[in-house]
Amino acid sequence: MTEGLQHVPRRNSAWSDGDAATAWHENRILERYCTPVLDTPSYVSRAGHRWTAEQQTAVETAAGTTREAPFASQAFPYPL
């Protein structure tokens, strides 16, 4: 759960900064490997962290073909 909570602010800050490709990739990591973080209320968010369908469509559209580029997340910079 801790690692997943590292991807949430990285996704959100990337989207706020106009980096749609990073936001899209971080969201995919959350959807694929950290689903409980998206749907479980926590001390960070009472409603979880799942984006609405509209948000997902917006980031996918904004990221365009850059979604296909290789990606290495910088959300959890500590060695695992």
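Values in this document were obtained by computation on a predicted structure and should not be read as measured data.

**Q** Quick question: what am I supposed to make of the nonpolar core here?
**A** Nonpolar side chains in soluble globular proteins tend to be buried together. In terms of nonpolar packing, the biggest core is built from seven residues, these being Ala14, Ala20, Ala23, Trp24, Trp51, Val59 and Ala63. Counting residues per element, the ones that place at least two in this core are α2 (20–33) and α4 (53–63). Here the element with the most residues in this core is α2; it accounts for three residues. Leu5, Cys34, Val37 and Leu38 belong to the second largest nonpolar core, which has six residues in total.

**Q** Just checking my understanding: could you explain the packing of aromatic side chains for this structure?
**A** Two numbers describe a pair of aromatic rings. These are the distance of the centres and the angle of the planes. Under the counting rule described, the total for this entry stands at one aromatic pair. Between the aromatic rings of Trp15 and Trp51, the centroid separation amounts to 6.2 Å while the plane-to-plane angle is 55°, which identifies the pairing as tilted. With Trp15 in helix α1 (residues 2–16) and Trp51 in the loop between α3 (35–39) and α4, the pair connects residues that are 36 residues apart, well separated along the chain. The buried category is assigned to Trp51, whose relative accessible area is 8%.

Basis of the calculations
Residues numbered from 1 in each chain as written. Predicted model: local features only at pLDDT ≥ 70, side-chain atom pairs only at ≥ 80, totals over all residues. Heavy atoms only, no water. Core = buried A, V, L, I, M, F, W, Y, C linked by side-chain atoms within 4.5 Å. Buried < 20%, exposed > 50% of the residue type's maximum accessible area, 1.4 Å probe, protein only. Helix = DSSP H or I, 4+ residues; strand = E, 2+ residues; numbered from the N terminus. Phe/Tyr/Trp six-rings, centres within 6.5 Å; stacked < 30°, edge-to-face > 60°.

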